[in-house]
Amino acid sequence: MYRLVPQKPKGDFFKSMDNDKKILRFTARFNTRVPEDLDRRFIISFYLADDTIGIYEPAQKNSGIIEGKFLHRRVYKNVDKGLVPITPTDLAIGGDCKINGHSFHILSADKYTENYLN
């Protein structure tokens, strides 16, 4: 049946059930020379169930920057690779990744993420 308003495409059911609650977490910092942004740290969460990314900024004392969500959870495109969605291999430890116009340098990952990527 044809519709006037297009519907959201169906997701991969088996992928979402197999990878439910599996999250890859990376710590990152801005790739910038602005003095106010040098000490800012971020937690990049890659959700394997639907390949979405959410970025959170933890609280830092006396920084003057409000902590919380930096970027909402959604699928972000990799502008360096022809606008394909970002994958966990794009978030290599020690590498750089551009997400929504912000350039991040990936510092580390948690143990689960390191085991998953190896």
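Refer to the structure presented above.
The structure contained in this document is the topic of the report that follows.

Rules behind the numbers
Residues numbered from 1 in each chain as written. Predicted model: local features only at pLDDT ≥ 70, side-chain atom pairs only at ≥ 80, totals over all residues. Heavy atoms only, no water. Salt bridge = Lys/Arg side-chain N within 4 Å of Asp/Glu carboxyl O. Helix = DSSP H or I, 4+ residues; strand = E, 2+ residues; numbered from the N terminus. Buried < 20%, exposed > 50% of the residue type's maximum accessible area, 1.4 Å probe, protein only. Phe/Tyr/Trp six-rings, centres within 6.5 Å; stacked < 30°, edge-to-face > 60°.

**Considerations on the pattern of salt bridges**
1) Next: On inspection of all chains with the given rule, the structure shows 5 salt bridges.
2) Next: Here Arg40 and Glu57 are joined by a salt bridge, their closest N and O atoms 2.9 Å apart. Linking Arg40 in the loop between strand S1 (23-30) and strand S2 (41-47) with Glu57 in strand S3 (residues 52-57), this pair joins segments that are 17 residues apart in sequence.
3) Next: With a closest N to O distance of 2.8 Å, Lys81 and Asp90 form a salt bridge.
4) Next: Under the relative-accessibility criterion, Asp90 is labelled buried at 12%.
5) Next: Several salt bridges converge on common partners, so that one network encompasses Asp37, Arg40 and Glu57.

**Notes on the packing of aromatic side chains**
1) Next: Counted by the stated rule, this structure contains 8 aromatic pairs.
2) Next: Centre to centre, the rings of Phe30 and Phe104 are 5.4 Å apart; their planes meet at 20 degrees, and the pair counts as stacked. Of this pair, Phe30 sits in strand S1 while Phe104 sits in strand S8 (residues 102-109), placing them 74 residues apart in sequence.
3) Next: Overall, Phe104 belongs to the buried group, its relative accessible area being 0%.
4) Next: Centroid distance Phe42 to Phe104: 5.3 Å. Interplanar angle 80 degrees. Geometry classified as edge-to-face. Linking Phe42 in strand S2 with Phe104 in strand S8, this pair joins segments that are 62 residues apart in sequence.

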